[in-house]
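Listed below are the residues making up each chain.
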Amino acid sequence: MKTYTAGDVTLERVREYVWEIPREGKMGTPARVLASERLLSQISEDKTLQQLRNATQLPGVTKYAVCMPDGHQGYGFPVGGVAGIDAENGCISPGAVGYDINCGVRMMRTNLTMDDVRGHEEELVDALFDAIPSGLGGGGVVESGIDTVNEVLERGMAWALDEGYATDADLAHCEDEGVREESDPSAVSTKAKNRGKNQLGSLGSGNHFLEVQRVTDVFREEVADAYGLSEGQVVVLIHCGSRGLGHQVCTDYLRKIEKRHSGLLSKLPDRELAAAPAGSRLAEEYYAAMGAAINFAWVNRQLVMHRTREVFEDVFDRPWRTMGMELLYDVAHNIAKKETHVVRVGPEGRPVGDGEAVEREERELFVHRKGATRAFPAGHPEVPGAYLDVGQPVIIPGSMGTGSYVLRGGEASMELGFGSTAHGAGRVMSRTQAKKDYWGGDVREELEREHIYVKAQSGATVAEEAPGVYKDVDEVVRVSDALGIGDTVARTFPVCNIKG
DNA sequence: ATGTCC
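Nothing here was measured: the structure is a model prediction, and the numbers come from that model. (Residues numbered from 1 in each chain as written. Chains lettered and ligands numbered in written order. Predicted model: local features only at pLDDT ≥ 70, side-chain atom pairs only at ≥ 80, totals over all residues. Heavy atoms only, no water.)

Colleague: Can you walk me through the side chain of Arg53 in this structure?
Modeller: Assignment of secondary structure puts Arg53 in helix α2 (residues 48–55). A relative accessible area of 16% means that Arg53 is categorised as buried. If we skip the residues at most four places from it in the chain, Arg53 touches Asp8, Val9, Ile21, Glu24 and Met27. (Helix = DSSP H or I, 4+ residues; strand = E, 2+ residues; numbered from the N terminus. Buried < 20%, exposed > 50% of the residue type's maximum accessible area, 1.4 Å probe, protein only. Contact = heavy atoms within 4.5 Å.)

Here it is, written out as structure tokens:
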């Protein structure tokens, strides 16, 4: 059997693009990396593989911990990691969701083409930058008080609908219709709410952005038709999360869980994997607080989209509905959710990997997706009606110089990754290193030569997000497609981009 | 990712 060794980790090649760290020692299950050899070598350069192996020690982890092709090191658990953990006898781990709860992406269609937009790029990027708050700290489309925040945390996009910021169609084309029902605003600290109350409708910083793009390629015509995508069409991609509110929720619960479940913590290989046992009060509270932050992020992206429609109305001087500005889909990539999956069970009733399994069973799991996108295939009941026959849209943002992809959930996603695929290109260079290698102004000029117009609050952010700091998104998507976990539907190229 | 340390 072909193997790949990086430091103290050896992976066995199960088949093309599937690598396995066999179960040994304290590992609860095997671990798997879904990658080409080139991507695996990039993944091996930081602590990703150690973190993935550590994750199999979380109590109740089933099948295998999985790393997607864009994986890299994160807080305790890889970005690009997926773990399906028994929701009855296992645990839930904030580090395996991430600090930016419900960080995610939405794509809005338009019926405009580049002929409509050409010559307006700079006007458009300026107008978007002026209208949509970005960067660190406060300022949002809506300035709200605690009461409004509580309603947003409770109701998600249903709140936006009632307030006139969303349409029924917007809700219908969002993962979970933009509402996590199992949410509890009272589980969210006042500190978190105070951080969030003036951030509703804001991009934030880092890799978050809003980008006007054109569709350059269509790979699966019948799926693209169902998604309303065609070559030359202009679309808008929005990538942001739950801002300071979600960050505070993660911080608050990490602290509480470390303290109250120190016994479990002492058995784990990394403090950053701190977890609350399923059924414990803190597990319930974290799940409900995370749900509230999830709702906050959906409203955040909705308000940014609402404001984008208004900007297009100003720039192109007609109502947004006449420009076909409909939500294609909104999908989270930092989330944990109770879902039912088929897992393999060993002779002692414990979830195991392929080799030891004696039977297959349906179990309710906390599916932790951190930097991984839900990718349910055609026919799955949670895929919206309009897309049921073709599969759930998966939106994979690339860098601001290379473009992005729309995929559809593939038939193999349930078996290989608990219904998930990649979430982006994935960094290959730290932010610190990026600022040494690049200068924001140069990056911006380089992009402008390719007719990509970038406007950012800070030149440092442009340097940190230079196209060269990312893995090859084409390669990430090629692997996803080849494995059948997410099938390519269309590719886009940037027109203008605003960021923190 | 993040009022990049209460």
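That shown, we press on.
Colleague: Please clarify how the packing of helix α10 (residues 243–260) against helix α12 (residues 281–316) should be interpreted in this entry.
Modeller: Any two packed helices are characterised by how steeply their axes cross, that is the angle between the axes, and by the distance between the axes. Contact geometry for α10 and α12: axes closest at 9 Å, N-to-C directions at 170°. Between α10 and α12, the angle is such that the two are roughly antiparallel. Seen from α10, the contacting residues are Arg243, Leu245, Gly246, Val249, Tyr253, Lys256, Ile257 and Arg260; seen from α12, they are Arg281, Leu282, Glu285, Tyr286, Ala289, Met290, Ala293, Phe296 and Asn300. Grouping the constituent residues of the contact of α10 with α12 by class yields 10 nonpolar, two polar and five charged. (Axes fitted to C-alpha atoms, helices over the stretch in contact; angles between N-to-C directions. Parallel < 35°, antiparallel > 145°, perpendicular 65-115°, else oblique. Nonpolar A, V, L, I, M, F, W, Y, C, P; charged D, E, K, R; others polar.)

Colleague: Any chance you could explain the sheet that holds strand β4 (residues 31–34) here in plain terms?
Modeller: In a beta sheet, neighbouring strands are held together by backbone hydrogen bonds and run either parallel or antiparallel to one another. Pairing within the open sheet is mixed, and its eight strands lie in the order β1-β2-β3-β4-β5-β6-β14-β13. Of all strands in the sheet, those with a lone pairing partner are β1 (3–6) and β13 (334–345), marking the two edges. Within the sheet, the average angular offset between the axes of one strand and its neighbour, ignoring direction, is 30°. Examined bridge by bridge, strand β6 (residues 79–86) and strand β14 (residues 359–370) share six bridges and lie antiparallel to one another. Among the inter-strand pairings, Ala83 is bridged to a residue of β14, identified as His368. (Pairing = 2+ DSSP bridges.)

Colleague: Mind showing me how you'd approach the nonpolar core here?
Modeller: Looking at soluble globular proteins, one finds that nonpolar side chains tend to be buried together. In terms of nonpolar packing, the biggest core is built from 69 residues, with Leu11, Val33, Leu34, Met68, Ile396 and Leu483 touching the most fellow members. When near neighbours in sequence (up to four residues on either side) are disregarded, Val33 contacts Leu11, Tyr17, Val18, Trp19, Leu40, Ile43, Leu49, Leu52 and Cys67. (Core = buried A, V, L, I, M, F, W, Y, C linked by side-chain atoms within 4.5 Å.)

Colleague: Just checking my understanding: could you explain the pattern of salt bridges for this structure?
Modeller: Pairs can form between side chains of opposite charge whenever their charged atoms are close. Tallying each qualifying case throughout the model produces 34 salt bridges. Notably, a salt bridge pairs Asp472 with Arg38, separated by 3.5 Å at the nearest N-O pair. Placement of the pair is Asp472 in the loop between α16 (459–464) and α17 (473–483) and Arg38 in helix α1 (residues 37–43), with a sequence separation of 434 residues. The partner of Glu361 in a salt bridge is Arg363, with the nearest N and O atoms 3.0 Å apart. In this structure Arg363 comes out as buried when scored by relative accessible area, which is 15%. One connected set of salt bridges, linked through shared partners, spans Arg427, Arg431, Lys435, Glu464 and Glu465. (Salt bridge = Lys/Arg side-chain N within 4 Å of Asp/Glu carboxyl O.)

Colleague: Where do I start with the protein's contact with DNA strand B in this structure?
Modeller: Neighbouring DNA strand B are 15 residues, the closest being Arg195, Ser205, Gly206, Asn207 and Arg431. Ser205 is positioned such that a nitrogen or oxygen atom in its backbone is 2.8 Å from a phosphate oxygen of DNA strand B. Those elements giving two or more residues to the surface near DNA strand B turn out to be α8 (190–196) and α10. It is α10 that provides the largest number of residues to the surface near DNA strand B, a total of three residues. Split by residue class, the surface near DNA strand B holds two nonpolar, nine polar and four charged. (Near = heavy atom within 4 Å. Polar contact = N/O pair within 3.5 Å; in protein donor to acceptor, adjacent residues only side chain to side chain.)

Colleague: For this particular structure, what's the right way to read the pairing of strand β16 (residues 393–396)?
Modeller: The two faces of a sheet get side chains in turn, since along a regular strand they alternate between them. The side-chain alternation of β16 yields two buried faces, one formed by Pro393 and Ile395 and the other by Val394 and Ile396. Bridging between β16 and strand β17 (residues 404–409) involves four bridges; their strand directions are antiparallel. What sits directly across from Val394, in β17, is Leu407.

Colleague: Could you clarify how one ought to interpret the environment of Gly228 in this entry?
Modeller: Relative to the helices and strands, Gly228 resides in the loop between α9 (221–227) and β10 (233–240). In this structure, the C-alpha to C-alpha distance between Gly228 and Asp252, residues 24 residues apart in sequence, is 42 Å. In this structure Gly228 touches Arg109 and Gln233, once residues within four positions along its chain are discounted.

Colleague: For this particular structure, what's the right way to read the pairing of strand β9 (residues 209–218)?
Modeller: Among the 10 residues in β9, seven count as buried, and that is most of the element. When β9 meets strand β20 (residues 486–499), the two strands line up antiparallel, connected through nine bridges. The residue bridging Val218 from the neighbouring strand is Ala490, located in β20.

Colleague: Whenever I open this one, the UniProt feature "binding site: Mn(2+) 1" (unreviewed entry) in chain A confuses me. Can you help?
Modeller: The residues that UniProt annotates with the feature "binding site: Mn(2+) 1" (unreviewed entry) are Asp100 and His208. A compact arrangement is adopted by the annotated residues: their sequence extent is 109 residues, whereas the largest C-alpha distance between any two is 11.0 Å. Examined against the element boundaries, Asp100 turns out to sit in the loop between β7 (91–92) and β8 (104–113). The exposure class assigned to Asp100 is buried, which follows from its relative accessible area of 18%. In this view, Asp100 contacts His208, Gly241, Ser242, Arg243 and Asn334; residues no more than four positions away in its chain are not counted. His208 sits in the buried class, given a relative accessible area of 8%. Residues in contact with His208, not counting those within four places in the same chain, are Asp100, Cys103, Leu203, His239, Cys240, Gly241, Ile498, Lys499 and Gly500. (UniProt positions renumbered as here; feature names shortened; annotations may be inferred.)

Colleague: Is there a simple way to think about the packing of aromatic side chains in this case?
Modeller: Two measures describe an aromatic ring pair: the distance that separates the ring centres and the angle between the ring planes. Under the defined criterion, the tally for this structure stands at nine aromatic pairs. Taking the centre distance of 5.4 Å and the plane angle of 50° together, the rings of Tyr287 and Phe366 count as tilted. Here Phe366 lies in strand β14 and Tyr287 lies in helix α12, a separation of 79 residues in the sequence. One exposure class covers both Tyr287 and Phe366, and it is buried. (Phe/Tyr/Trp six-rings, centres within 6.5 Å; stacked < 30°, edge-to-face > 60°.)

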